[in-house]
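Okay, here's what each chain looks like letter by letter:
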Amino acid sequence: MAKKPGRKAFKGLAPKGYRIRMMEPGEAEALLAIGHEADTRLPEPSNETPAVRSSLPDFVRFLLSHEIFVAAAKRDGSPVGYAAAQERGDLYWLADHRVLTPHRCRGIGSALIAAVTQRARWFDHRAVGIPATVDNSRQAALYERNGFMTVSRKRHPAILANQRVDEMLEEAGIDAQRVLIKWL
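Fair warning: this is a prediction, and the values are worked out from it, not measured in the lab.

Conventions we followed
Residues numbered from 1 in each chain as written. Predicted model: local features only at pLDDT ≥ 70, side-chain atom pairs only at ≥ 80, totals over all residues. Heavy atoms only, no water. Helix = DSSP H or I, 4+ residues; strand = E, 2+ residues; numbered from the N terminus. Buried < 20%, exposed > 50% of the residue type's maximum accessible area, 1.4 Å probe, protein only. Contact = heavy atoms within 4.5 Å. Phe/Tyr/Trp six-rings, centres within 6.5 Å; stacked < 30°, edge-to-face > 60°. Core = buried A, V, L, I, M, F, W, Y, C linked by side-chain atoms within 4.5 Å. Salt bridge = Lys/Arg side-chain N within 4 Å of Asp/Glu carboxyl O. Expected span 1.5 Å × (residues − 1). Polar contact = N/O pair within 3.5 Å; in protein donor to acceptor, adjacent residues only side chain to side chain.

1. Some words on the overall build of the chain
Next, step 1: For the chain, the helix and strand inventory stands at five helices and seven strands.
Next, step 2: N-terminal to C-terminal, the α/β element order of the chain is β-α-α-β-β-β-α-β-α-β-α-β.
Next, step 3: Every one of the 184 residues in the chain was classed for burial, and the buried ones make up 44%.
Next, step 4: Taking the intrachain contacts of the chain between residues at least 6 apart in sequence as the baseline, contacts between residues at least 24 apart amount to 67%.

Printed below as a string of structure tokens:
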């Protein structure tokens, strides 16, 4: 059997028993299920990922407008988590990442963030950004452990202190007073 191209692009990033790869055709429903499982834990609706709260066609539109990184179990290849990222000029935005509950605390979230960061470096982005629209202390700790710093909109560093970032956030439908930035 011929190996699929790109299968080794993120080799070594995932914890034992898992691998990180790009989304494959036919996985939209499985990823939507991961998003719905994660949404049941959110205290209230947020602007962070409106597509996840929607129907399959809306979620497919969300997937098509982002690059999708998938964490899959090695034993059967089934998705257990995903990250959606989008190029915005010099910055690469991590729009969403979700991991199924039984697979949390195994380093999968960090592996997905590492894959997004690696992809951003490959294409010479200056930073990876995350719109911080929901105050989630567990996710904030995860981002901090992975080298992100929280920046309020009023105190963007010089590179971000221009209208372009505000326009990018507005285009993406993100009303964030804070962003998390990891400089590359």
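Alright, that's what it looks like, and here's the rest.
2. Things to note about the packing of aromatic side chains
Next, step 1: Inspection of the entire model under this criterion finds five aromatic pairs.
Next, step 2: Geometrically, the ring pair formed by F10 and F69 is edge-to-face, given 5.7 Å between the ring centres and 65° between the ring planes. Pair noted here: F10 is in the segment before β1 (18-22) and F69 is in strand β2 (residues 67-73), with a separation of 59 residues, a long-range link. Comparing F10 with F69 shows no difference in burial state: the two are buried.

3. Section: the nonpolar core
Next, step 1: Counting 26 residues, the largest nonpolar core has I20, F69, I108, L112, V116 and F148 as its most contacted members.
Next, step 2: Mapped by element, the contributors of at least two residues to this core are β1, β2, β3 (79-88), β4 (91-99), α3 (108-122), β5 (127-132) and α4 (137-145).
Next, step 3: Among the elements that make up this core, the one with the highest residue count is α3 (seven residues).
Next, step 4: Setting aside anything within four residues of it in sequence, one finds I20 in contact with F10, A14, V70, A71, A111, L112 and A115.
Next, step 5: Counting twelve residues, the second largest nonpolar core, distinct from the first, contains F62, I68, V70 and Y82.

4. Brief notes about the side chain of E27
Next, step 1: Summarising the element assignment, E27 is placed in the loop between β1 and α1 (28-39).
Next, step 2: Classification of E27 by relative accessible area gives buried; the value is 9%.

5. Examining the pattern of salt bridges
Next, step 1: According to the stated counting rule, one finds six salt bridges in the structure shown.
Next, step 2: Via salt bridges that share partners, E67, E87 and R119 belong to a single interconnected network.

6. Let's talk about α3
Next, step 1: Given a rise of 1.5 Å per residue, 15 residues ought to cover 21 Å, and the 21 Å separating the end C-alpha atoms of α3 matches this to within 8%.
Next, step 2: All of the buried residues along α3 are I108, G109, A111, L112, I113, A115, V116, T117, R119 and A120.

7. A word on the side chain of N146
Next, step 1: With respect to the helices and strands, the residue N146 is situated in the loop between α4 and β6 (149-152).
Next, step 2: Judged by its relative accessible area of 15%, N146 falls in the buried class.
Next, step 3: Engagement of the side chain of N146 in a polar contact is seen with the backbone oxygen of L142, the distance being 2.8 Å.
Next, step 4: For N146, the contacting residues outside a window of four places in its chain are S110, I113 and K182.

8. Re the environment of Q86
Next, step 1: You can see Q86 is positioned in strand β3.
Next, step 2: The class for Q86 is buried, based on a relative accessible area of 16%.
Next, step 3: Taking the C-alpha atoms as reference points, Q86 and V128, 42 residues apart in sequence, are found 9.8 Å from one another.
Next, step 4: When sequence neighbours within four positions are dropped, the list of residues in contact with Q86 reads S65, H66, L91, Y92 and W93.
Next, step 5: At a separation of 2.9 Å, a polar atom in the side chain of Q86 contacts the main-chain carbonyl oxygen of S65.
Next, step 6: Here R88 takes part through its side chain, which lies 3.0 Å from a polar atom of the side chain of Q86.

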